[in-house]
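A look at the structure
Residue strings, one per chain:
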Amino acid sequence: MSTRSSMSSSVFRGARTLFGAALLSRLLGLLSMPVLTRVYGPESFGTLAVYTALASQLMPLLTLRYSVALPLPRSDGSALNLMAMSLGLLAVLTLTCLAVLSLASGPLLDWLQAGAVKPWWWLIPLGAAAMALFELMSFWATRLRGYGLIARAQMLQALLGESTKVGLGLAGLHPLGLVLGQIIAQGAGAATFLRHYHADWDARRRQVSGARMRFLARRYRDFPLFRLPSQLLLGFAAQAPLLFVSALYDTGTAGQFALAMTAMSLPMTLIGRTMGQAYYGEAARMRDDAQGLWRMSFVVQARLFLFAIPFAALLILAAEPIFALVFGEEWRMAGHFTATLAVFLVLQVTSAPLMQALNILEQQRIFLVLNAARVAGLVAIYLVAKRGGWTVDSFVPVVAGFLSLFYGAQTLHVLALLWLRKTRES
C-alpha cells in the first residue's frame, strides 16, 4: 500500500473509532431526550441554549486558539511547551472573566439579551473553561493519534452529562440541571486525558521553558491574530440563528429551535467533527506532501457526501412526525425546523474537515475572511427580518438557503487552494 493510500486509510480508521464513540454518545443523548423533554419545558431548553451559546463564544478567548496548533510542531517537546502556555492562558483568562462578570454581569447580560442566565452568571466562565480544557486535551490526543482515548472521554461525557441532567431535573432544579449537566460532562472528559497523560507530561516537564514558550508564541502568532477572531465569528455564526430566533420571537419558539439545532448537531458530531479530527491528525503529518494532502482531502470529501446525503434526506422527509412521536406532540415545531434546516446539512458536514486544511496551509487570514462573510450574511438576514416583521417560518428557510450557498462556496475555495498548492509543487 502506498504512503498516500495508507494516510487516507488512517484517516478513516481514526474516524471510525471516533465515529463509534460519538454514535454511542449521541445515542445516549437521544435516549435521554424523551425523558428530558418531559422533565424540562421548552423555556428550560431555551435557557440552556442561551447559556451554551455564551459559554461557547467565550471558550476560544481562554487559550487564544494556541490549542489548535498543538498537532503542528514537529517535536513533542515543542508541543508540550505550547500546551503549558495554553494552560497558563486558560487559568489567567478564566479568573479575569470571573472578575469582570462579578462587577458587570447584570448590564452585560442584559445587553446580550441573555437575562435568563443572570442568576448563574458565574457558571458561564467555568463552563467555557471546562470546554477549553477538553478541547486542549483533545488536540494533544489528536497529535498522538490517541483516538481510542478520545472515544472513551466522549463516552464518559455522555454518561455523566445526561445522567446529571435527568437526576437534577427530577430533583426540581429547572433549568439549572441542564446547565450543570453540560459543565460536568466537559470536566469529566478533560479529567480522562489528564489521568492518561499526566505521567508522560511529568517526565518531560524539564523541557518546558519560558524561552521556548515565547518562541512558540511568536511562531504561531497567526492563531491569536487571525484564528481567534475567526473562531469568535465562527462561534457566533453557529449560535446566531438561535440567538436571532430568541431575539425575534418568544422563549418557547427558541426552545423548539434549540431542539432542532440539537438534532442538527448529530450528523455534525458523528460525521463532520469526527472526520475532521482524524483528518487533522493525519494531515499534520503529511504537511510537506502536497500531492498526498490533496488526494487525501478529495477522498475524504467524496466519502463524506455518501454519508451525509441519506441522513439529510431522512430529516427533510420525516423529521416532523419523528419529533412528535419521540419527544411528544408539543415538539412538532422543532421537527418542522429540523426539516427546513436540513437543506444545508450535507454541505455543512462535508466542509467541516476541510477547514483543518487551512491550519496546515497556514491560511488563517482566509479562515477569518470566510467567517466574517458568514456572520455578515446572517446579521443582514436578521436585520431585514426584524425590520420586515418576518414570521419564524419565513426567517428559518432564508437562513437555511444562505448557509447552503455559503458552505458550498467555502468547500470549493479550500479545495481550490489544495489543488493550486499541488500544481505548484508537482
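The next thing to look at is the overall build of the protein. When you go through the protein residue by residue, the secondary structure sums to 15 helices and 0 strands. What you see for the protein is a C-alpha radius of gyration of 21 Å, in line with the 22 Å of a compact globule of 426 residues. Expressed along its principal axes, the backbone C-alpha trace of the protein runs to roughly 55 × 45 × 40 Å. For the protein, buried positions account for 55% of its 426 residues. Restricting to contacts in the protein with at least 6 residues of sequence separation, those with at least 24 account for 84%. Accessible surface computed for the protein: about 18,000 Å², of which carbon and sulfur atoms make up 66%. The distance from the centre of the 35 positive side-chain charges to the centre of the 18 negative ones in the protein is 10 Å.

Each pocket or cavity is described by its volume, and for the largest pocket that value is around 720 Å³. Residue lining of the largest pocket: 25 residues in total, with Leu54, Gln57, Leu108, Trp111 and Leu112 positioned closest to the centre. Contributing elements (two or more residues each) for the lining of the largest pocket: α2 (42-58), α3 (76-111) and α8 (222-248). Of the residues in the lining of the largest pocket, the class split is 20 nonpolar, 5 polar and no charged.

Turning our attention to the packing of helix α4 (residues 123-143) against helix α6 (residues 176-203). Taken N-terminus to C-terminus, the directions of α4 and α6 make an angle of 35 degrees; their axes are 8 Å apart at the nearest point. Two packed elements cross with a definite hand, and for α4 against α6 that hand is left-handed. When α4 is examined against α6, the residues Leu123, Gly127, Ala130, Met131, Leu133, Phe134, Met137, Ser138, Trp140 and Ala141 are found in contact with a partner set consisting of Leu176, Val179, Leu180, Ile183, Gln186, Gly187, Gly189, Ala190, Phe193, Leu194, Tyr197 and Trp201. Grouping the constituent residues of the contact of α4 with α6 by class yields 17 nonpolar, 5 polar and no charged.

The next point concerns the packing of aromatic side chains. Scanning the model with the defined rule gives 15 aromatic pairs in all. An angle of 55 degrees between the planes, with centres 5.6 Å apart, marks the rings of Phe134 and Phe193 as tilted. Taken as a pair, Phe134 in helix α4 and Phe193 in helix α6 lie far apart in primary sequence, 59 residues in all. Note on Phe134: relative accessible area 12%, which makes it buried. Summarising the aromatic geometry, the rings of Phe236 and Phe244 are spaced 6.1 Å apart at their centres and angled 75 degrees between planes, so their arrangement reads as edge-to-face.

What follows is about the nonpolar core. Counting 88 residues, the largest nonpolar core has Phe193, Phe395 and Leu418 as the members making the most contacts within it. Take this core: its biggest share by element is 12 residues, from helix α15 (residues 392-425). With near-sequence residues (within four places) excluded, Phe395 lies in contact with Pro241, Phe244, Val245, Leu248, Tyr249, Ile381, Tyr382, Ala385 and Trp390. Met33, Leu36, Met59 and Leu259 belong to the second largest nonpolar core, which has 36 residues in total.

Moving on, we get to unusual backbone geometry. The general pattern is negative phi for most residues beyond glycine and trans for most peptide bonds. Cis peptide bonds are those with omega within 30 degrees of zero, and the linkage from His174 to Pro175 qualifies with 0 degrees. Although it is not a glycine, Leu64 adopts a positive phi angle of roughly 55 degrees. You will see that Arg65, though not glycine, has its phi angle at about 70 degrees, which is positive. Looking at the secondary structure, you find Arg65 in the loop between α2 and α3. Arg65 gets classed as buried once you look at its relative accessible area, which sits at 2%.

In the contact formed by helix α11 (residues 332-341) and α15, the axes pass within 9 Å of each other and the chain directions differ by 30 degrees. Taken as axis vectors, α11 and α15 run roughly parallel relative to one another. Seen along the crossing, α11 lies across α15 with a hand that is right-handed. Contacts between α11 and α15 involve His336, Phe337, Thr340 and Leu341 on the former and, on the latter, Val392, Asp393, Val396, Pro397 and Ala400. Here the residues of the contact of α11 with α15 are counted per class, giving 6 nonpolar, 2 polar and 1 charged.

We now examine the side chain of Thr253. Position of Thr253 among the secondary structure elements: in helix α9 (residues 251-285). For Thr253, a relative accessible area of 10% translates into the label buried.

The share of residues in the protein with pLDDT of 70 or more is 93%, and the mean pLDDT across the chain is 86. For the protein, helix α1 (residues 3-39) is the element with the lowest average pLDDT, namely 70, and helix α7 (residues 210-219) is the one with the highest, namely 94.

With respect to the secondary-structure elements, Leu149 resides in helix α5 (residues 147-170). According to the relative accessible area criterion, Leu149 is buried, its value standing at 6%. Residues Leu149 and Ser138, spaced 11 residues apart in sequence, show a C-alpha to C-alpha distance of 9.0 Å. The residues contacting Leu149, other than those within four sequence positions of it, are Thr192, Phe193, His196 and Tyr197.

Before going further, it helps to spend a moment on a nonpolar patch on the surface. Together, Leu23, Leu24, Leu27 and Leu30 make up a nonpolar patch on the protein surface, roughly 300 Å² of accessible area in all. Take Leu30: it is sitting in helix α1.

Let's shift gears to the pattern of salt bridges. Under the defined criterion, the tally for this structure stands at 13 salt bridges. The salt bridge involving Glu282 is made with Arg145; its shortest N-O contact spans 2.9 Å. Taken together, the residues span a long stretch of sequence, with Glu282 in helix α9 and Arg145 in the loop between α4 and α5 at a distance of 137 residues. Measuring nitrogen to oxygen at the nearest pair gives 3.2 Å for the salt bridge that ties Asp200 to Arg204. On the accessibility criterion, Arg204 (23% relative accessible area) is partly exposed. Residues joined by salt bridges that share partners form a network here, namely Asp76, Arg143, Asp200 and Arg204.

What counts and what doesn't
Residues numbered from 1 in each chain as written. Predicted model: local features only at pLDDT ≥ 70, side-chain atom pairs only at ≥ 80, totals over all residues. Heavy atoms only, no water. Helix = DSSP H or I, 4+ residues; strand = E, 2+ residues; numbered from the N terminus. Rg over C-alpha atoms; globule rule 2.2 N^0.38 Å. Buried < 20%, exposed > 50% of the residue type's maximum accessible area, 1.4 Å probe, protein only. Contact = heavy atoms within 4.5 Å. Areas by Shrake-Rupley, 256 points an atom, 1.4 Å probe, with all protein chains shown as cover. Lys, Arg positive; Asp, Glu negative; His and termini not counted. Charge placed at Lys NZ, Arg CZ, Asp CG, Glu CD. 1 Å grid on protein atoms, 1.4 Å probe; cavity = no way out; pocket = protein on both sides within 12 Å on 5 of 7 lines; lining within 4 Å. Points joined across faces, edges and corners; volume = space filled by probe spheres on them. Nonpolar A, V, L, I, M, F, W, Y, C, P; charged D, E, K, R; others polar. Axes fitted to C-alpha atoms, helices over the stretch in contact; angles between N-to-C directions. Left-handed = near helix turned anticlockwise from the far one by under 90°. Phe/Tyr/Trp six-rings, centres within 6.5 Å; stacked < 30°, edge-to-face > 60°. Core = buried A, V, L, I, M, F, W, Y, C linked by side-chain atoms within 4.5 Å. Parallel < 35°, antiparallel > 145°, perpendicular 65-115°, else oblique. pLDDT = per-residue confidence, 0-100. Patch = residues over 30% accessible without salt bridge, like charges linked within 9 Å, V, L, I, M, F, W, Y side chains within 5 Å. Salt bridge = Lys/Arg side-chain N within 4 Å of Asp/Glu carboxyl O.

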